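Chains, contacts and geometry: an overview
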Amino acid sequence: MQILDKCRNFTRAREVMASGYYPYFVPIEGSSSTEAFVDGTPRIMVGSNNYLGLTHHPCVVEAAQAAIRKYGSGCTGSRFLNGNTILHDQLEERLAKFVGTDAALVFSTGYQTNLGTIGTLVGRNDKVYLDKLDHASIVDGSRLAMGSVGRFNHGDLENLRRQLEGDREKGIEGRMVVVDGVFSMEGDIADLPNLVPLCNEYEALLVVDDAHAIGYLGPTGAGTAEYHGMTDQVPLTIGTFSKSFASIGGFVAGPEAVVHYLRHHARSLIFSASMPPAAVATCLAALDIIEQEPERRERLWQITHRMMESFRSLGFEIGPTETPIIPIWIGPMEKTFIFWKALFDDGVFTNPVMPPAVPENSCRLRTSYIAEHTDDQLDHVLETFEKVGKQLGVIS
């Protein structure tokens, strides 16, 4: 069957496997908040999105266990029918208050949240505009939408303005602009102070995906809008629970009428099983800690600034990052794989990022940091990067 030819002809991954440098689907045997155990050996985890270090917090673990004892392992149905528990309702109420909106709606994953929100709200005569570095779930949500799609260069608001102006003249009825609050491969923060008035000028609905911001960015961790002091000026905020909230799932927060509409029309919500109660309980416990332990955010930022300064002083290129996401530019794909393996063998777990996620010859090792990393762990990370970087000629 010709449709399967692409599968048989795909050899690149097998070639990397044969070389011994394949970095994906690593089987982790166990973990702590800052380490992963592979082949019986602990490796410092600087590839996780566990920003606040809550995955092993005793209160979080106990909340999940208690929910399993009360509700069982899963809901076995969609929220629309039999899969809605009181925990789901409680989480939505608290999230709306936390983010500063009228209402919130919880989905089973962050990916499904973008599919449901964008795919439902953008109609046939509408257009959605995406930053070229937006997450894949945003891109896929726009593909499911009935309207047209425009993409603007990363952070280039003049490029976006020209598109909005041209499409207004063409009579495009509805416009939506979607950006990451924190861009997951670069670590930079969306320019809301300039983006918000631009969207208002062209009557475009602004949607901010705060997957990599919610929990640590802003005075209380409420995300990018709070960070910029613009909480009441961002109509819709998307969030995920698989980062700072130490669980899985996602949510959209905004006006009650919009949330009510999505509750009854978003296909990725209605036709998917709901978040397991244990995952919801984890989020509620994580939110308690986020609100009650600001010192975790303070420690994370202390670590972030130290690592940025240290990598730059060693001579590494880390780009425009402003957050705990610190990408280390390597360049060629082969050298990036070799660099990753050398770090891994010396006890440092990072994430190699390759095309199409980044442009050709812009491969990098994406590192991200956790509030519970110790100074000794960070010392080892920097020493190992320096040693391997010099060996491979990435730094001198």
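Residues numbered from 1 in each chain as written. Predicted model: local features only at pLDDT ≥ 70, side-chain atom pairs only at ≥ 80, totals over all residues. Heavy atoms only, no water.

1. A short note on the overall build of the chain
Let me state the cut-off plainly: Only DSSP runs of H or I with at least four residues qualify as helices, and only runs of E with at least two residues qualify as strands; both kinds are numbered from the N terminus onward. Radius of gyration: C-alpha atoms only; globule rule: 2.2 Å multiplied by the number of residues to the exponent 0.38. Relative accessibility under 20% of the residue-type maximum defines a buried residue, over 50% an exposed one, and the middle range a partly exposed one, all with a 1.4 Å probe and only protein chains included. Any two residues whose heavy atoms approach within 4.5 Å are treated as being in contact. All accessibility values rest on the Shrake-Rupley procedure with a 1.4 Å probe; residue burial counts only the protein chains present in the view. Counting rule applied: Lys, Arg positive; Asp, Glu negative; His and chain ends not counted. A single reference atom marks each charge: NZ on Lys, CZ on Arg, CG on Asp, CD on Glu.
Along the backbone of the chain there are 15 helices and 14 strands. In terms of overall size, the chain behaves like a compact globule, its C-alpha atoms giving a radius of gyration of 21 Å where 396 residues would be expected to give roughly 21 Å. For the C-alpha atoms alone, the extent of the chain along its principal axes is close to 55 × 55 × 55 Å. In the chain, buried positions account for 55% of the 396 residues. Taking as baseline every contact in the chain between residues at least 6 positions apart, the subset at least 24 positions apart corresponds to 69%. Carbon together with sulfur atoms contributes 52% to the accessible area of the chain, which is approximately 17,400 Å² in total. One way to put it: in the chain the 34 positive side-chain charges average out to a point 6 Å from where the 49 negative ones average out.

2. Comments concerning the environment of Phe183
Along the polypeptide, Phe183 turns up in the loop between β7 (174-180) and α8 (192-201). Separated by 28 residues in sequence, Phe183 and Ala211 place their C-alpha atoms 9.1 Å apart.

3. A few points about the pattern of salt bridges
Note the cut-off: We define a salt bridge as a side-chain nitrogen of Lys or Arg found within 4 Å of a carboxyl oxygen belonging to Asp or Glu.
Under the defined criterion, the tally for this structure stands at 23 salt bridges. For Asp375, the salt bridge is made with Arg306, and the minimal N-O distance between the two is 3.8 Å. A residue pair is termed long-range when its members are at least 10 positions apart, and Asp375 in helix α15 (residues 375-391) and Arg306 in helix α13 (residues 295-314) qualify at 69 residues. Taken together, the salt bridges that share partners define one network made up of Arg79, Asp89, Glu92 and Arg263.

4. Section: unusual backbone geometry
Following Pro355, the chain continues to Pro356 via a peptide bond in cis, the omega torsion being 10 degrees. Within the fold, Pro356 resides in the loop between β13 (351-353) and β14 (363-368). Not every positive phi belongs to a glycine, and Phe25 is a case in point at roughly 55 degrees. Residue placement: Phe25 occurs in the loop between α2 (12-19) and β1 (30-31). Its identity is not glycine, yet Ala246 carries a phi of approximately 60 degrees, on the positive side. For Ala246, the position within the fold is in the loop between β9 (236-240) and β10 (250-254).

5. Re the packing of aromatic side chains
Threshold: When two rings of Phe, Tyr or Trp (its six-membered ring) have centres within 6.5 Å they constitute a pair, described as stacked for plane angles under 30 degrees, edge-to-face for angles over 60, and tilted for the intermediate range. Lysine NZ or arginine CZ positioned within 6 Å of the ring centre and within 35 degrees of the ring normal marks a charge as sitting over the ring.
Per the stated rule, a full pass over the model turns up 13 aromatic pairs. Measuring from ring centre to ring centre gives 5.9 Å for Phe311 and Phe316, while their planes differ by 80 degrees; the resulting arrangement is edge-to-face. Residues Phe311 and Phe316 agree in their burial class; the two are buried. Look at Phe344 and Phe349: their rings are 5.6 Å apart centre to centre, the planes differ by 75 degrees, and that puts the pair in the edge-to-face class. Residue Phe344 is classed as buried on the basis of its relative accessible area, which comes to 7%. One cation-aromatic arrangement involves Arg43 over Phe344; the distance from NZ or CZ to the ring centre is 4.0 Å.

6. Description of the sheet that holds β13
Keep this limit in mind: The rule for pairing is simple: two strands pair if DSSP sees at least two bridges between them. Every axis corresponds to a line fitted to the C-alpha atoms, with the helix fit spanning only the stretch in contact, and the corresponding angles, defined between N-to-C directions, vary from 0 to 180 degrees.
Spatially, 3 strands are ordered β11-β14-β13 in an open sheet, and the strand pairing comes out antiparallel. A single partner strand is all that each edge strand has here, and the edge strands are β11 (325-331) and β13. This sheet shows a mean twist of 30 degrees between the axes of neighbouring strands, independent of strand direction. Pairing between β13 and β14: 3 bridges, direction antiparallel. Across the sheet, Val353 pairs through a bridge with Arg364, a residue of β14. α13 contacts β11 and β14 of the sheet and is inclined by roughly 20 degrees relative to β11.

7. Details of the sheet that holds strand β8 (residues 204-209)
Spatial ordering of the open sheet is given by β4-β10-β9-β8-β7-β5-β6, a layout of 7 strands whose pairing is mixed. At either margin of the open sheet sits one strand with a lone partner, and together these are β4 (103-107) and β6 (148-152). Pairwise comparison of adjacent strand axes, ignoring direction, gives a mean angle of 20 degrees for this sheet. One ladder, built from 5 bridges, connects strand β5 (residues 126-131) with β7; its direction is parallel. Looking at the pairing, Lys127 lines up with Arg175 of β7. Strands β4, β5, β7, β8, β9 and β10 of the sheet are contacted by helix α5 (residues 110-121), whose axis makes an angle of about 155 degrees with β9.

8. Focus on helix α3 (residues 58-71)
For an α-helix the count is 3.6 residues per turn, leaving residues at separations of three or four pointing the same way. As a reminder, the rule being used: Helix span, as expected, comes to 1.5 Å for every residue beyond the first. This arc describes the spread of directions from the helix axis toward the C-beta atoms.
Taking 1.5 Å per residue as the helical rise, α3 with its 14 residues ought to reach 20 Å, and the 20 Å between its terminal C-alpha atoms agrees with that figure. What α3 keeps buried is the set Val60, Ala63, Ala64 and Ala67. Seen end-on, α3 carries its buried residues on one side only, within an arc spanning 95 degrees. The exposed set on the far side of α3, more than 90 degrees from its buried face, consists of Pro58 and Arg69. Those residues of α3 hidden inside the fold are in contact with α4 (86-99) and α12 (277-292). Just past α3, the residue Gly72 takes up positive phi, approximately 85 degrees.

9. Considering the packing of helix α14 (residues 333-345) against α15
Threshold: An angle counts as roughly parallel when it lies under 35 degrees, as roughly antiparallel when it exceeds 145, as roughly perpendicular when it falls between 65 and 115, and as oblique in every other case. By definition, turning the near helix anticlockwise from the far helix through less than a right angle yields a left-handed crossing, and turning it clockwise yields a right-handed one. Under the scheme applied here, ten amino acids are nonpolar (Ala, Val, Leu, Ile, Met, Phe, Trp, Tyr, Cys and Pro), four are charged (Asp, Glu, Lys and Arg), and all others, including Gly, are polar.
Between α14 and α15, the least distance of the axes is 10 Å, while the angle of their chain directions is 140 degrees. Between α14 and α15, the angle is such that the two are oblique. You can see that α14 and α15 cross each other, and the crossing is right-handed. Contacts between α14 and α15 involve Phe339, Ala342 and Leu343 from the former and Thr384, Phe385, Val388 and Gly389 from the latter. Its residues assigned to classes, the contact of α14 with α15 comprises 5 nonpolar, 2 polar and no charged.

Worth remembering: the numbers are spatial, not functional.
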